[in-house]
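Analysis of the macromolecular model
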Amino acid sequence: MSQLLSGLNPQQHEAVTLPLRQPSGEPQSALVLAGAGSGKTRVLTTRIAYLIQTGQVSPHGLMAVTFTNKAAREMLTRVSAMLPITTRGMWVGTFHGLCNRLLRAHHREAGLPPLFQIMDGQDQLAFIKRLLKSLHVDEEKFPPRQLQSFINGAKEQGLRACAVEAPDEHTRRMAELYAAYDEQCNKEGVVDFAELLLRTFELLSRDGLLAEHYRSRFAHILVDEFQDTNRLQYLWLKHLAGRQTPVFAVGDDDQSIYAFRGASAENMRDFERDYPGYRLIKLEQNYRSVGNILAAANAVIKHNRHRLGKNLWTADGEGEPLRLYQAATDGEEAQFVVDEVRALEREGVPCSEVAVLYRSNAQSRVLEHALFSAGIPYRVYGGLRFFERQEIKHALAYLRLVANPADDGALVRVINFPARGIGARTLEQLQDQAAAAGVSLWEAARRRSEARGQKPEGARKGVEGFVALIEAMRAATVGLPLPEVVQHVIEASGLLAHYRGEREGQERLENLNELVNAAGAFVQETEENDLAAFLAHAALEAGEHQAVSGEDALQLMTVHSAKGLEFHTVFVTGLEEGLFPHEQSLLTPGGVEEERRLMYVALTRARQRLYLSFAHSRLLHGQTRYNVPSRFLQEIPAELMKAVGGGAGAPRRAEPATAPSRGPFRPQGLFPPACGSEWHVGQSVLHPTFGRGVIVNYEGRGPDARVQVRFSDAGLKWLMLEYAKLAPA
DNA sequence: ATAGACATTCTTTTT
DNA sequence: GAATGTCTAT
């Protein structure tokens, strides 16, 4: 015990040992404001171990909710390391994972088929497109993406279609489509991510007995990354805790970076109201980063208003200054990373302790290219995840169809892949027949092939061949171990043969084989041999299962996926206006503040050394764009940084106007005008027809130069400088 | 009616 | 650059 608690500072100690009941007998909840690197995970895991060891709760009575699967696994690993007992029986997982578990156990009460399938974002979008088409809705008027975020947004507020407020005609139509969407989901036996939560919430609200069962089971609920919970998750939590279960919520409002997905730091304020007598504990001592890094992070986040208020400090020394590199091009920036990583290796810093961060996934390409050419091993997190790859999606669709014939989405995906002569026309006919008879596409296909009568084996093609194929698959895989089911399906479907015949198919073949291994690993880990459970796993844990792992490799990831991690050295790349902060964020209220929190997260990942870099020109979406340094660079005090790597990037001929930067960094001097004219980003302008606006971006030089202007009335427009009659305003 | 070539569109972050 | 959607030759 003393060993468990040794080395905790007073605040950490209080958080770990906080009793489950107030002296009055009321449950004792807590809100822990845990700054970056303040030992948050340690507090959570130690508290779990402490409560179990002192006999205050049994593992059976504990629930711990995390935001990512990675965090859930880490928590389990660390608790097991502290305690000799098994952590089995503890409910540890993401909101979605736990809801899935609950719904599988009570699918009947929740009104779901036993083998209900989970749609990821991609599946959902395809589903919506299919729905709009079947309803003959104009995609121009109701863009699928927009409808998708409308539906998810509503669900994340806990609202069904009938409860959505519709002040105007368009919103009313959207709500109707939302209702139609839900209806179709029910028909097909599929649920989206938000539905997992909403369904569970409704189930617990409706079924008092069931809710009571879980409330009395869980003696304590712990929540990680509380600032990232949305309204629905908060309600879910409140409902599950009831009046008797204390809640231990850990979060940091400065690291709230999922507001775009409906997360609301408001939950932290409501906590106060909903959990009377709760304890507020602040963890402000940072054990991760050296002083200069922390000072830079603090300086940046200070520019945000509406903070709960918290200031990180460290007992460590200042450390070295931050290193700033300005590159002429993105390629040069990548080369800089390569050179520095090599130097770090020579200094004895292992690659796996070095992370390269960027704002959006598209930026990884240039970096990967440079690293690959240099022969530096690297690992990319996120991006295209294993279970999101085309060939894997195809294989999973076959498996889904085997598990649940009503899954129209799965059928559409593979009915003609590999090509078997079933085109758009045939599919349309099937869809009409299905709609007319009120049955699934599979049923329509089955009836159609039945009507044609039994032909000899060899003569079956088209729809009949497909129906026969799936039925044969279903028959052949009954009772087989999961990996063999997968193996059979990828073979019998013709996927293997198809990719063998493709020139670039080698990697896809490897991935398909990897899927068989993944099924094997799944059976081993979970001791389940259930196809539906494996498919749920694939949807909920799309990533992390990368082909290469284990070896010492440089870590590449978005800032979002870096949250919760730490490294000896961190590169924050692409610090340019329009990229970081992202231009999309400038249009959303509160967007820049969220980007700034993102920057805060990025900076606080580093322990010892922090590189910041930006490029003047960058190839993005096939076009060269010219950018200016990020505003966040200006928010870092100059004395904390030093410019490195050959002054002002690549030598730029005959442009003495740009002074080589030496010594303290002064970003003000680095806002180059577009094509040497008087125009620059941020400038107010006047256009004869569009009126007043602000330049938000520009690209090209000379006669090709264009500027993007945000007009107060006419919206966002690209204008050729040569022709547009722009005047400064 | 289908497959493959061609053109067009949209580009953030994630369970 | 990718991932759609559209057109054209089979």
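Residues numbered from 1 in each chain as written. Chains lettered and ligands numbered in written order. Predicted model: local features only at pLDDT ≥ 70, side-chain atom pairs only at ≥ 80, totals over all residues. Heavy atoms only, no water.

Some thoughts on the pairing of strand E2 (residues 62-66)
Among the five residues that make up E2, five are buried, leaving the element largely enclosed by the rest of the structure. Burial along E2 is two-sided: Leu62, Ala64 and Thr66 and Met63 and Val65, pointing in opposite directions, are all buried. Regarding topology, helix H4 (residues 69-82) serves as the crossover connection from E2 to the parallel strand E3 (residues 91-94), and that connection is right-handed. (Buried < 20%, exposed > 50% of the residue type's maximum accessible area, 1.4 Å probe, protein only. Helix = DSSP H or I, 4+ residues; strand = E, 2+ residues; numbered from the N terminus. Right-handed = clockwise from strand over helix to strand, strands pointing away.)

Observations regarding the environment of leucine 235
One can find leucine 235 in helix H12 (residues 231-241). Taking the C-alpha atoms as reference points, leucine 235 and glutamine 157, separated by 78 residues in sequence, lie 9.2 Å from one another.

Points about H4
The periodicity of an α-helix, 3.6 residues per turn, causes residues three or four positions apart to be oriented the same way. For H4, which comprises 14 residues, the first-to-last C-alpha distance of 20 Å matches the rise-based estimate of 20 Å (1.5 Å per residue) to within 8%. Along H4, the residues classified as buried are Asn69, Ala72, Met75 and Val79. All buried residues of H4 lie within an arc of 125° about the axis, which places them on one face of the element. For H4, the exposed residues set more than 90 degrees away from the buried face come down to Thr77 and Ala81. If you follow the buried residues of H4, they end up packed against helix H3 (40-53), E2, E3 and helix H25 (531-540). (Expected span 1.5 Å × (residues − 1). Arc of directions from axis to C-beta. Contact = heavy atoms within 4.5 Å.)

Comments concerning the UniProt feature "binding site: ATP" (unreviewed entry) in chain A
UniProt's feature table lists "binding site: ATP" (unreviewed entry) at Ala34, Gly35, Ala36, Gly37, Ser38, Gly39, Lys40 and Thr41, given in the numbering used throughout. Within the element layout of this structure, glycine 35 appears in the loop between strand E1 (30-34) and H3. Since its relative accessible area comes to 3%, glycine 35 is described here as buried. In contact with glycine 35, not counting residues within four places along its chain, are Asp252, Gln255, Leu283, Lys310 and Leu312. Tracing the backbone shows glycine 37 in the loop between E1 and H3. In this structure glycine 37 touches Gln285, Asn286, Tyr287 and Arg288, once residues within four positions along its chain are discounted. (UniProt positions renumbered as here; feature names shortened; annotations may be inferred.)

Remarks on the sheet that holds E1
Spatially, six strands are ordered E3-E2-E6-E7-E1-E8 in an open sheet, and the strand pairing comes out parallel. One side of each edge strand has no neighbouring strand; the edge strands of this open sheet are E3 and strand E8 (279-283). Taking the axes of each pair of neighbouring strands and ignoring which way they run, one obtains an average angle of 15° across the sheet. One ladder, built from four bridges, connects E2 with E3; its direction is parallel. Bridge assignment links alanine 64 to a residue of E3, and that residue is valine 92. Strands in contact with helix H2 (residues 10-17) are E1, strand E7 (247-251) and E8; relative to E8, the strand with the most contacts, it is inclined by about 140°. Helix-sheet contacts for helix H5 (residues 95-105) involve E2, E3 and strand E6 (220-223), and the interaxial angle to E3 is about 120°. (Pairing = 2+ DSSP bridges. Axes fitted to C-alpha atoms, helices over the stretch in contact; angles between N-to-C directions.)

A few points about the domain arrangement of chain A
Split into domains, chain A comes out as domain 1 (10-108 + 197-285), domain 2 (117-188), domain 3 (322-385 + 546-644), domain 4 (387-542) and domain 5 (683-728). Relative placement of domain 1 and domain 4: their C-alpha centres are 39 Å apart. Listed by partner, the interface residues are seven residues for domain 1 and five residues for domain 4. Together domain 1 and domain 4 conceal approximately 460 Å² of surface at their shared face, both sides included; 46% is due to carbon and sulfur atoms. The tally of links between domain 1 and domain 4 comes to zero salt bridges. At the junction of domain 1 with domain 4, the criterion picks out one residue pair in polar contact (both at pLDDT 80 or more). Counting residues per element, the ones that place at least two in the side of domain 1 that touches domain 4 are H4 and H5. Here the side of domain 1 that touches domain 4 takes four residues from H5, the largest share from any one element. (Domains from an automatic or database assignment. Buried area = accessible area lost by both parts, 1.4 Å probe. Salt bridge = Lys/Arg side-chain N within 4 Å of Asp/Glu carboxyl O. Polar contact = N/O pair within 3.5 Å; in protein donor to acceptor, adjacent residues only side chain to side chain.)

As for the protein's contact with DNA strand B
Taken together, 25 residues lie near DNA strand B, and Arg261, Arg359, Asn361, Thr426 and His621 sit nearest. Protein-adjacent atoms of DNA strand B, using a 4 Å cutoff, are sugar or phosphate at a proportion of 55%. Histidine 96 places a side-chain nitrogen or oxygen 3.2 Å from a base oxygen of DNA strand B. Threonine 426 is positioned such that a nitrogen or oxygen atom in its side chain is 2.5 Å from a phosphate oxygen of DNA strand B. Top element by residues in the surface near DNA strand B is helix H19 (residues 424-437). It accounts for three residues. Its residues assigned to classes, the surface near DNA strand B comprises seven nonpolar, 14 polar and four charged. (Near = heavy atom within 4 Å. Nonpolar A, V, L, I, M, F, W, Y, C, P; charged D, E, K, R; others polar.)

Points about the nonpolar core
Counting residues in hydrophobic clusters, the biggest one holds 62 residues, and the most contacted among them are Met63, Ile221, Val223, Phe226 and Trp236. When near neighbours in sequence (up to four residues on either side) are disregarded, isoleucine 221 contacts Met63, Val65, Leu237, Leu240, Ala241, Thr245, Pro246, Val247 and Phe248. Formed by 51 residues, the second largest nonpolar core is a distinct cluster that contains Leu396, Val463, Leu469 and Leu535. (Core = buried A, V, L, I, M, F, W, Y, C linked by side-chain atoms within 4.5 Å.)

A closer look at the side chain of serine 289
Among the structural elements, serine 289 can be located in the loop between E8 and helix H14 (291-301). Residue serine 289 is classed as buried on the basis of its relative accessible area of 0%. Polar side-chain contacts of serine 289 include one of 2.6 Å to the backbone oxygen of alanine 606. In this structure serine 289 touches Leu294, Thr314, Thr604, Ala606 and Arg607, once residues within four positions along its chain are discounted.

Focus on the pattern of salt bridges
As enumerated under the stated definition, the model contains 45 salt bridges in all. The partner of lysine 155 in a salt bridge is aspartate 182, and the shortest N-O contact between them spans 3.1 Å. With lysine 155 in helix H8 (residues 144-156) and aspartate 182 in helix H9 (residues 169-188), the pair connects residues that are 27 residues apart, well separated along the chain. By relative accessible area, which is 12% here, aspartate 182 ends up buried. Here glutamate 320 makes a salt bridge to arginine 609, at a shortest N to O gap of 2.8 Å.

Observations concerning the side chain of glutamine 326
Position of glutamine 326 relative to the elements: it lies in strand E9 (residues 322-329). Overall, glutamine 326 belongs to the buried group, its relative accessible area being 3%. Only 3.4 Å separates the side chain of glutamine 326 from the side chain of histidine 616, close enough to count as a polar contact.

Description of unusual backbone geometry
The amide bond that connects phenylalanine 417 to the next residue, proline 418, takes the cis arrangement and shows omega of -5°. Here the bond from phenylalanine 580 into proline 581 is cis, since omega is 10°, no more than 30 degrees from zero. With respect to the secondary-structure elements, proline 581 resides in the loop between strand E13 (567-572) and helix H27 (583-586). Residues other than glycine seldom take positive phi values, yet histidine 136 does so here, at roughly 55°. Relative to the helices and strands, histidine 136 is located in the loop between helix H7 (121-134) and H8.

Some details on the pairing of strand E15 (residues 623-626)
Of the pairings in the sheet, the one linking strand E14 (residues 606-620) to E15 comprises four bridges and is antiparallel in character. Counted as the bridge partner of leucine 619 is threonine 624 from E15. Here E14 hands over to E15 after two residues, with histidine 621 in that stretch at a positive phi of 55°.

A look at the packing of aromatic side chains
Applying the stated criterion across every chain yields a total of 18 aromatic pairs. Note on tryptophan 91 and phenylalanine 218: the rings are 5.6 Å apart at their centroids and 70° apart in plane angle, and the pair reads as edge-to-face. Residue tryptophan 91 is found in strand E3, and its partner phenylalanine 218 is found in the loop between helix H11 (208-217) and E6; the two are separated by 127 residues along the sequence. Among the residues examined, tryptophan 91 registers a relative accessible area of 6% and is labelled buried. (Phe/Tyr/Trp six-rings, centres within 6.5 Å; stacked < 30°, edge-to-face > 60°.)

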